[in-house]
Amino acid sequence: MKNVNQKVKAIFITLMLCVFTQMSNAQTNVYVDIAATGSNNGTSWINAFTDLNTAIANANAGVGAYNIYVAQGTYAATSATLIGNPLPTSAPASSHYNFCIKREGIKLYGGYATGGTSRNVKTNSTTLNAFGNYHAVVIAGVNSASDSVVIDGVRITGGSNTTSLGSQNAVMNGVTIFAANGAGVNVSNSNAPILFRS
């Protein structure tokens, strides 16, 4: 009887390890196309999100690998929900709008044609534009040796910085983002492997 119980226990542990491995290896694919006209839920190119902010917010809230495929076009960060709190009072909240990546495993790939028919980063320009705000992309508080952050095939433009911002710094993902540091991209307090590739 004792041997039977030990075998059942071993089988149970093996099954649980298999389930855990499958969960940890799970990945989500999401599609973004500013010209899409479908259901706007990110599940396919037809139903792609038209707003990259939404895709990144979902990725930040998700688990496991999160691949975001982005069609050509110019995308602007327009959502204060990505900023965090508290917001600085000495500058407009919109000056801190950006695409903020808050965890490992998020991989963003640009350069797809409208509708996702093909990928060519040279002809299908995908631009993340800060439009004069401090940063277009912020990667904050991402600490993991098990997975990385990838930003591949996008053009980052429009960021700015200054040396006299002081109290206009913001807090994102529990990390102080100094507005005077970086311009197009600000990487703060993040030890995970980060790959930028064009």
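Scroll up for the structure.
Residues numbered from 1 in each chain as written. Predicted model: local features only at pLDDT ≥ 70, side-chain atom pairs only at ≥ 80, totals over all residues. Heavy atoms only, no water.

(A) Focus on the sheet that holds strand β8 (residues 149-152). One open sheet accounts for five strands, arranged β1-β2-β5-β8-β13; its pairing is parallel. Among the strands making up the open sheet, the edge pair consists of β1 (27-32) and β13 (194-197). Across the sheet, the mean angle from the axis of one strand to that of its neighbour is 10 degrees, orientation sign disregarded. (Pairing = 2+ DSSP bridges. Helix = DSSP H or I, 4+ residues; strand = E, 2+ residues; numbered from the N terminus. Axes fitted to C-alpha atoms, helices over the stretch in contact; angles between N-to-C directions.)

(B) Summary view of the pattern of salt bridges. Here the structure, examined in full by the defined rule, presents two salt bridges. R119 is the partner of D152 in a salt bridge, and the nearest nitrogen-oxygen pair spans 2.8 Å. Of the two residues, D152 is situated in strand β8 and R119 in the loop between β5 (106-112) and β6 (126-129); the sequence distance between them amounts to 33 residues. Here D152 falls in the buried class, since its relative accessible area comes to 7%. Among the salt bridges present, the one from R197 reaches D152, with a minimum N-O distance of 2.5 Å. Here the residue R197 occupies a position in strand β13, and D152 occupies one in strand β8, the gap between them amounting to 45 residues. Taken together, the salt bridges that share partners define one network made up of R119, D152 and R197. (Salt bridge = Lys/Arg side-chain N within 4 Å of Asp/Glu carboxyl O. Buried < 20%, exposed > 50% of the residue type's maximum accessible area, 1.4 Å probe, protein only.)

(C) Fine view of the packing of aromatic side chains. With the rule as written, the count across this model stands at five aromatic pairs. Considering the side-chain rings of Y69 and Y109, the 5.7 Å spacing of their centres and the 20 degrees angle between planes classify their relative orientation as stacked. Placement of Y69 in strand β2 (residues 65-71) and of Y109 in strand β5 is noted, with a sequence separation of 40 residues between them. The class of Y69 is buried, set by a relative accessible area of 17%. (Phe/Tyr/Trp six-rings, centres within 6.5 Å; stacked < 30°, edge-to-face > 60°.)

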